[in-house]
Amino acid sequence: MKFIDEAILEVIAGHGGKGCVSFRREKYVPRGGPDGGNGGRGGHVILTATHNMSTLMDFRYKKELAAEVGHKGMGGQCEGRCGMDLVVPVPVGTVVYDNETNEIMIDFTIDGQQGIIAKGGRGGKGNAFFVTSTRQTPRFAQAGEEGEKKTVRLELKLLADVGLIGCPNAGKSTFLSVVSKARPKIADYPFTTVEPCLGVVQYGDCSPFVVADLPGLIEGAHEGRGMGDRFLKHAERTRIMLHMISVSPEEETTPLERYAVIKKEVASYYRAREQAATGLGTETTAACPREIVVFSKIDLIDAATLAEFVRDFTRTTRSEVVPVSSATGKNVAVLLKMIGQALNR
Ligand SMILES: Nc1nc2c(ncn2[C@@H]2O[C@H](COP(=O)(O)OP(=O)(O)OP(=O)(O)O)[C@@H](O)[C@H]2O)c(=O)[nH]1
Ligand SMILES: [Mg+2]
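How each quantity is defined
Residues numbered from 1 in each chain as written. Chains lettered and ligands numbered in written order. Predicted model: local features only at pLDDT ≥ 70, side-chain atom pairs only at ≥ 80, totals over all residues. Heavy atoms only, no water. Domains from an automatic or database assignment. Buried area = accessible area lost by both parts, 1.4 Å probe. Salt bridge = Lys/Arg side-chain N within 4 Å of Asp/Glu carboxyl O. Pairing = 2+ DSSP bridges. Helix = DSSP H or I, 4+ residues; strand = E, 2+ residues; numbered from the N terminus. Axes fitted to C-alpha atoms, helices over the stretch in contact; angles between N-to-C directions. Donors = N, O, S within 2.8 Å, 3.2 Å for Na, K, Ca; no water. Near = heavy atom within 4 Å. Polar contact = N/O pair within 3.5 Å; in protein donor to acceptor, adjacent residues only side chain to side chain. Areas by Shrake-Rupley, 256 points an atom, 1.4 Å probe, with all protein chains shown as cover. Buried < 20%, exposed > 50% of the residue type's maximum accessible area, 1.4 Å probe, protein only. Contact = heavy atoms within 4.5 Å. Expected span 1.5 Å × (residues − 1). Phe/Tyr/Trp six-rings, centres within 6.5 Å; stacked < 30°, edge-to-face > 60°. Lys NZ or Arg CZ within 6 Å of the ring centre and 35° of its normal.

All right, on to the domain arrangement of the protein then. Looking at the assigned domains, one finds that the protein contains domain 1 (1–156) and domain 2 (162–344). Placing the centre of domain 1 and that of domain 2 at their C-alpha centroids yields a distance of 46 Å. Between domain 1 and domain 2, a total of about 820 Å² is buried, with carbon and sulfur atoms accounting for 43% of that surface. One can count one salt bridge joining domain 1 with domain 2.

Next comes the structure, spelled out in structure tokens:
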């Protein structure tokens, strides 16, 4: 099943109903006067957040959301009925953008949150409204206003607790397949993972947490190289970025060099997000999540080489690194415990 995390929709709110031109005509009431009622408001298009949906799959074929038009006003000063609002559920975590301006319209973060994305047009005034002392028989009424019409983009950020990042072939998908029931595609060529995959990890007495396996990053990803860096948006709302670095002898650069490449790409991504947010005057995005660095595939090298890599890494970066092997399971439990504790804190 393809994971759909973006949808572009045309939203059309209802046109306001026409105002009515009418005159009171009754026996024994000569010159009853204008009594045309106002038209009803057009329906709004409203989105509502729900925990019962987890993808934007529903919008794969539903490309247009249109609300009902307002009803016409009637004689006897009767106001037309409002068009029915169209209320459409979206998963919690959906962010709605105006597709033309790229401005954030609504950020759905809680269950039940609602927001109008297109306002229904106002109903036209009926002729009764236009009566003045000098114009006692207006023979006109307003047409209703048009409903708002726009193109919106929905983006769903996976609500994972942990995002797996790193170079292609680092062993990210393999790790997810070992610690959860998820079965992502695994292969010994780069860019095996082309879209995010989620897995739920249940370890010991820690509360279960969700891990997102993301496509690999390469130098220049922020300029669109490889799979690009747009997948980092899924890591944005995670609480931990698990940065995986393969120590396989097949690698052509040192673990430290590969670490630096990814750090640079992540930094570029956050800088671009920040600039976009400031440019629009919206609130800046959340800070980069906490990072846990992992050396993977340690079964492929000897203990002395590994010790050297770890020493170089910790000395230079002054951060901790956890050496693991998904093949033998070495240190996998230690790492999960560490993640569980970091999330519970
Ligand atoms: N020996 C050994 N091989 C591993 C280990 N983890 C992963 N591999 C192998 O490394 C290759 C790449 O693994 P993937 O899990 O697909 O790597 P990835 O990081 O998801 O790669 P992309 O999706 O392309 O970014 C596969 O051939 C795996 O079998 C490990 O701990 N030990
Ligand atoms: Mg993969």
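This paragraph deals with the sheet that holds strand β8 (residues 149–156). If you trace the five strands from one edge of the open sheet to the other, you get β3-β1-β8-β5-β6, paired in mixed fashion. A single partner strand is all that each edge strand has here, and the edge strands are β3 (64–66) and β6 (104–107). Each adjacent strand pair in this sheet contributes to an overall mean axis angle of 25°, direction not counted. Judged from the three bridges that link them, strand β5 (residues 94–98) and β6 form a sheet pairing that is antiparallel. Among the inter-strand pairings, Val96 is bridged to a residue of β6, identified as Ile106.

Coordination of the magnesium ion (ligand 2) by the protein comes from Ser173 (OG) and Thr193 (OG1), over a distance range of 1.9 to 2.0 Å. With a gap of 20 residues between them, Ser173 in helix α1 (residues 172–179) and Thr193 in the loop between α1 and β10 (197–201) connect regions that are remote in the sequence.

In this section: the site of ligand 1. Near ligand 1, the surroundings consist of 22 residues, among which Lys172, Ser173, Thr174, Phe191 and Thr193 are the closest. One of the backbone N or O atoms of Phe191 is found 2.8 Å from an oxygen atom in ligand 1. Contact with the protein chains removes 87% of the 650 Å² of surface that ligand 1 exposes when unbound.

Below, the discussion takes up the sheet that holds strand β11 (residues 209–213). Taken together, six strands build an open sheet; the order of strands is β10-β11-β9-β12-β13-β14 and the sheet is mixed. Two strands lie at the open edges of the sheet, namely β10 and β14 (321–323), each paired on one side alone. Mean inter-strand twist for the sheet, computed between neighbouring axes without regard to direction, equals 30°. Note that strand β12 (residues 240–246) and strand β13 (residues 290–296) share seven bridges and pair parallel. In the sheet register, Met244 faces β13, and the bridge partner there is Val294.

It is worth spelling out the pairing of β5 at this point. With respect to burial, β5 is a largely interior element, five of its five residues being buried. Where β5 lies against β8, five bridges are found, and the strand directions are antiparallel. Within β8, the position partnered with Val96 by the bridge is Leu154. Hairpin connection between β5 and β6: a loop of five residues separates the two successive antiparallel strands, and Asn102 in this loop has a positive phi of roughly 70°.

Here we take up the environment of Gly33. Structurally, Gly33 is set in the loop between β1 (6–12) and β2 (45–50). Separated by 303 residues in the primary sequence, Gly33 and Leu336 have C-alpha atoms spaced 80 Å apart. Gly33 has contacts with Ser22, Phe23 and Arg24, leaving out every residue within four places of it along the chain.

Moving on: the environment of Val131. With respect to the helices and strands, Val131 occurs in the loop between β7 (114–118) and β8. Between the C-alpha atoms of Val131 and Gly33, which are 98 residues apart in sequence, the distance is 9.0 Å. Those residues in contact with Val131, other than ones at most four positions away along the chain, are Pro34, Gln136 and Pro138.

So, about helix α4 (residues 303–317). A turn of α-helix holds 3.6 residues, and therefore any two residues three or four places apart point the same way. Along its 15 residues, α4 runs 21 Å from first to last C-alpha, staying within 8% of the 21 Å computed at 1.5 Å per residue. After α4 finishes, the residue Arg318 shows a positive phi value of roughly 60°.

In this description, a pair of aromatic rings is defined by centroid distance and the angle of the planes. For the structure on display, the rule yields five aromatic pairs. Seen from their ring centres, Phe130 and Phe140 are 4.9 Å apart, and the 45° between their planes marks the pair as tilted. Here Phe130, found in the loop between β7 and β8, pairs with Phe140, found in the loop between β7 and β8; they are ten residues apart in sequence, far enough to count as distant. Measuring from centroid to centroid gives 5.5 Å for Phe295 and Phe313, while their planes differ by 70°, and the two rings are edge-to-face. Within this pair, whereas Phe295 is found in strand β13, its partner Phe313 is found in helix α4, the two being separated by 18 residues in sequence. Pair check on accessibility: Phe295 and Phe313 agree, each one buried. What links up through ring pairs into an aromatic cluster is the set Phe129, Phe130 and Phe140. Positioned above the aromatic ring of Phe129, the side-chain terminus of Lys125 is 5.0 Å from the ring centre.

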